[in-house]
Structure formats: structure tokens, C-alpha cells
Amino acid sequence: HLLLAGSTVAVAGLFPVLLGSQSAQAIGTAPDLGTAESYSVLGGQSVSNTGPSELDGDLGVNPGTAISGFPPGIVLGDVHATDAHSLQAQADVTTAYNALEGQAADAPISADLGGQTLTAGVYEASSTAGITGTLSLDAEGDPDAVFIFQIGSALTTAPDSTVALLNGAQACNVFWQIGSSATLDTDTTFVGSILALTSITVNEGSTVDGRALARNGSVTLDTNTFTTSECVTVTPTETTTPTETTTPTETT
């Protein structure tokens, strides 16, 4: 078939539409968390816990002084209450928060992210955002894919909600910049580092592969498990070309 110059040809069905899938054009850059990288939980005013929560990283508060509920909560890292380390960590959280907030976002997100599949990029909600059900983050085979969510005010998950990682996506590359506070309702399975201007509440039974970092307010926990997965770099495997075998000639 010949295409005439200046003509427009539409071929129905050539480009399928992926329902429930969305991608951002802006390429996100993971911020440097500095000393805050070692923390599972960092509060501004206080950190309180109910039940046998377990944190595999550090626990801290600054400029407030109150940490309660440990024990029964378990901290596998170090505890920093209003010391030089937590002071520096809060400064590094502020720097990372500003770096996230300042990145260009050209993909708006709906009020409820549940049921969506998002590829790497920078996503923005001008006010509140929630997750009901499952939000899937698809790295499309790129282990360095970065997912950034800029939430203007509050983030809230419904009970039993999940943030799922697909096709090589890593929790270490997921960041939530929250303009006010975040609430993870009961039995939420969450991934990524939450950097909230005010407070973070993690309700009973919820798990976080990442961090809860509150700049000015408090962090409230209830029988939660925090893990901090490190980024895994995939090294290409070298392909070895088999050597040719020479067959000896027959002697007559």
C-alpha cells in the first residue's frame, strides 16, 4: 500500500489501549536520604508504639524527646532520642523532602490509586490521595526504575490495601512526599519511604518495606513490621561462545 504525502492513516486495533495502566513522562531521581537512610522510623515530636512492632533499622526523634512502647516493640538498629545523629537525620529528611517536592511532575493521579498499574515516573496529587485495594508499580524490567508520589496534603490507605512491585521494581526506589500526614490503615502492605511534613500513623498489622519519616509531627505504630530492602544492582551476565572442536582425520 502507498501512503500519500500529507495524508493521515488510522489503523484500528494497531495500538492497544492498556486499561488501568498509566505512565509518567518525567523521569524521577531518587533523593539522597543521607543519615536518614539508616532509620526505619523518625519522628519530629514523638514516636509511640503499641504491641510487638519490629524495626530492622534505627529509631529516632528530634527535636522532640518522647519515645514510648519499646519494649514491647523491638528495634534491631540504634535508638537516637534528641541527639546529634537524629538532628542530622532530620536535616537530611528536609533536604530529601525538598528534592522530591521540586521535581517536575507531568502525570496527575486520581484520588484513589487502587486498581491502577503505574510505570516509573513522578506522579502528583494536588490534594489528597488514597489506596483502596492494590496499587501495582511496574518497573518494566528496569531495576533502577524510580517511582515518586507528590501528595499535596494527606495519604490514606484502606484496610487490607497493598502496594505491589512488578517486573523488577524495588522498594528502595519508591518515595512518598506528603504535604501533611499519612495514615496506613489496618493490615496494609506498603512499600517505599514516606517523607511527611507532619505525622505518620501506621495502624495495627500493617507492614512497611521502607521508612516512616515525619518532619514536624509524630509517628504512631501498632504491631507493625518494618523492613528496609537495599537496592540490588543487576549485573549483565557474560555470554561465552563455545569453542569449535576439530575432528581428527582418519588414517588409512
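Cut-offs and rules
- Residues numbered from 1 in each chain as written.
- Predicted model: local features only at pLDDT ≥ 70, side-chain atom pairs only at ≥ 80, totals over all residues.
- Heavy atoms only, no water.
- Helix = DSSP H or I, 4+ residues; strand = E, 2+ residues; numbered from the N terminus.
- Buried < 20%, exposed > 50% of the residue type's maximum accessible area, 1.4 Å probe, protein only.
- Contact = heavy atoms within 4.5 Å.
- Areas by Shrake-Rupley, 256 points an atom, 1.4 Å probe, with all protein chains shown as cover.
- Pairing = 2+ DSSP bridges.
- Axes fitted to C-alpha atoms, helices over the stretch in contact; angles between N-to-C directions.
- Expected span 1.5 Å × (residues − 1).
- Arc of directions from axis to C-beta.
- Phe/Tyr/Trp six-rings, centres within 6.5 Å; stacked < 30°, edge-to-face > 60°.
- Polar contact = N/O pair within 3.5 Å; in protein donor to acceptor, adjacent residues only side chain to side chain.
- Disulfide = S-S within 2.5 Å.

Examining the overall build of the protein chain
Phase 1: What the protein chain contains, in helices and strands, is one helix and 23 strands.
Phase 2: Looking at the protein chain as a whole, 42% of its 252 residues are labelled buried.
Phase 3: Across the protein chain, every contact between residues at least 6 apart in sequence was considered, and the portion connecting residues at least 24 apart equals 54%.
Phase 4: Of the roughly 12900 Å² of accessible surface on the protein chain, a fraction of 54% belongs to carbon and sulfur atoms.

Remarks on the sheet that holds strand E3 (residues 46-50)
Phase 1: The strand order E6-E3-E22-E20-E18-E15-E12 describes an open sheet built from seven strands, whose pairing is parallel. Of all the strands in the sheet, just strand E6 (66-68) and strand E12 (129-131) have a single pairing partner and so form its edges. Adjacent strand axes in the sheet meet at a mean angle of 10°, parallel and antiparallel pairs treated alike.
Phase 2: The pairing of E3 with strand E22 (residues 218-222) spans five bridges and is classified as parallel. By the bridge assignment for E22, Thr50 is matched with Asp222.

Focus on helix H1 (residues 84-101)
Phase 1: An ideal rise of 1.5 Å per residue puts 26 Å on 18 residues; H1 measures up with 26 Å between its terminal C-alpha atoms.
Phase 2: Taken residue by residue, H1 has Ser86, Ala89, Gln90, Asp92, Val93, Ala96, Tyr97 and Leu100 as its buried positions. The arc enclosing the buried residues of H1, seen along the axis, measures out at 165°, which places them on a common side. Turned more than 90 degrees away from the buried face of H1 sit Ala84, Leu87 and Thr95, all of them exposed.

Comments concerning the packing of aromatic side chains
Any aromatic ring pair is given by two values, namely how distant the centres are and how the planes are angled relative to each other.
Phase 1: According to the stated counting rule, one finds three aromatic pairs in the structure shown.
Phase 2: Between the aromatic rings of Tyr123 and Phe149, the centroid separation amounts to 5.6 Å while the plane-to-plane angle is 20°, which identifies the pairing as stacked. Of this pair, Tyr123 sits in strand E11 (residues 121-125) while Phe149 sits in strand E14 (residues 147-151), placing them 26 residues apart in sequence. Here Tyr123 matches Phe149 in class, with each residue buried.
Phase 3: A ring pair is formed by Phe149 and Trp176, whose centres lie 4.1 Å apart and whose planes are at 10°; its orientation type is stacked. Of this pair, Phe149 sits in strand E14 while Trp176 sits in strand E17 (residues 174-178); the two residues are 27 residues apart in sequence, bridging distant segments of the chain.
Phase 4: For Phe149, a relative accessible area of 0% puts it in the buried group.

Focus: the side chain of Gln150
Phase 1: Along the chain, Gln150 turns up in strand E14.
Phase 2: What makes Gln150 buried here is its relative accessible area of 6%.
Phase 3: Only 2.7 Å separates the side chain of Gln150 from the backbone oxygen of Leu100, close enough to count as a polar contact.

Quick notes on the state of the cysteines
Phase 1: If you walk through the whole model with that rule in mind, you get one disulfide.
Phase 2: A sulfur-sulfur separation of 1.8 Å characterises the disulfide bridge that pairs Cys172 with Cys231. In this structure, the disulfide formed by Cys172 and Cys231 twists by about 110° around the S-S bond and is classed as right-handed. Of this pair, Cys172 sits in the loop between strand E16 (162-166) and E17 while Cys231 sits in the segment after strand E23 (225-227), and the two are 59 residues apart along the sequence.

Purely geometric numbers; function is a separate question.
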